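Single-letter residue listing:
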Amino acid sequence: MSNQDLINKTILFVKEKLANAEGGHDWFHIQRVYKNALLIAKGENCDEIVVKLGALLHDIADSKFHDGDETVGPKIARDFLESEGVSQAIIEHVIQIINNISFKGGNNEKVFSSIELDIVQDADRLDAIGAIGIARAFNYGGFKNRAMYDPQIAPKLRMTKEEYKNSQAPTINHFYEKLLLLKDKMNTQTAKQIAQERHKYMQGFLGQFYAEWEGEL
């Protein structure tokens, strides 16, 4: 099977698996991350097939929709890739990307490094900021029936991985606990440049939000 045939089959597999997913973690999220990853990869010396597969399969079963179980996604990805006869070296690399891509409060130490992981992680993080990031944050907050904002509940910085996973905080807090931190956590030069503009957009949104909240505008 050619690499393009494998990618086409992977796209169909992911679309089917995520058919009923929450709007911020659906096929369109995967598609945007895939496009971001291809753009970033152009400026890097990398294994493109690993980048493509990593981007397409990185959220095949996000743990937050599976009672926090982080083993579901890697298992589904592994079973699919093995069924398609993909080499063990590529499979292991893609599984490492899935296992190490997540933010998890920003405090987890990387136990695996590769330029392909850097690219897919940057692509995923870019989709968490800017206009799309704002839309995804509030979509997920609504999905979890969380408050948009509560001035009495301050953002918690430096959360542990468990605290981050179990947080029920208002959506606005998520900007300070994750989204505004991502600009400085990009790995590649391309992503750093894109992140600057998206970061500024979020800052402008927050300024407008608070002004409207206080009845100043």
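Residues numbered from 1 in each chain as written. Predicted model: local features only at pLDDT ≥ 70, side-chain atom pairs only at ≥ 80, totals over all residues. Heavy atoms only, no water.

## Some points on the overall build of the chain
Okay, so step 1: Scanning the chain from N- to C-terminus turns up 10 helices and zero strands.
Okay, so step 2: Scanning the chain from its N terminus toward the C terminus, one meets helices and strands in the order α-α-α-α-α-α-α-α-α-α.
Okay, so step 3: The dimensions of the chain, computed from C-alpha atoms along their principal axes, are 60 × 35 × 30 Å.
Okay, so step 4: Evaluated residue by residue, the chain yields a buried proportion of 47% over its 217 residues.
Okay, so step 5: Surface accessibility of the chain: about 11200 Å² in total, with carbon and sulfur atoms responsible for 49%.
Okay, so step 6: Counting 26 positive and 31 negative side-chain charges, the chain places the centres of these two groups 1 Å from one another. (Helix = DSSP H or I, 4+ residues; strand = E, 2+ residues; numbered from the N terminus. Buried < 20%, exposed > 50% of the residue type's maximum accessible area, 1.4 Å probe, protein only. Areas by Shrake-Rupley, 256 points an atom, 1.4 Å probe, with all protein chains shown as cover. Lys, Arg positive; Asp, Glu negative; His and termini not counted. Charge placed at Lys NZ, Arg CZ, Asp CG, Glu CD.)

## What to know about the side chain of Glu-116
Okay, so step 1: If you trace the backbone, Glu-116 turns up in helix α6 (residues 115-126).
Okay, so step 2: Excluding its chain neighbours within four sequence positions, the residues that come into contact with Glu-116 are Cys-46, Asp-47, Val-50, Val-51, His-93 and Ile-97. (Contact = heavy atoms within 4.5 Å.)

## Thoughts on the pattern of salt bridges
Okay, so step 1: The tally for this structure, following the rule as stated, stands at eight salt bridges.
Okay, so step 2: Ionic pairing is found between Lys-9 and Glu-84, a salt bridge with its closest N-O pair at 3.0 Å. You can see Lys-9 sitting in helix α1 (residues 3-17) and its partner Glu-84 sitting in the loop between α4 (72-83) and α5 (88-100), a full 75 residues away along the chain.
Okay, so step 3: With a relative accessible area of 17%, Glu-84 lands in the buried category.
Okay, so step 4: For Arg-78, the salt bridge is made with Glu-92, and the minimal N-O distance between the two is 2.7 Å. In this pair, Arg-78 sits in helix α4 while Glu-92 sits in helix α5, placing the two residues 14 residues apart along the sequence. (Salt bridge = Lys/Arg side-chain N within 4 Å of Asp/Glu carboxyl O.)

## Remarks on unusual backbone geometry
Okay, so step 1: We note that Asn-145 has phi near 55°; this positive angle belongs to a residue other than glycine.
Okay, so step 2: Structurally, Asn-145 can be placed in the loop between α7 (130-143) and α8 (161-166).
Okay, so step 3: Since its relative accessible area comes to 72%, Asn-145 is described here as exposed.

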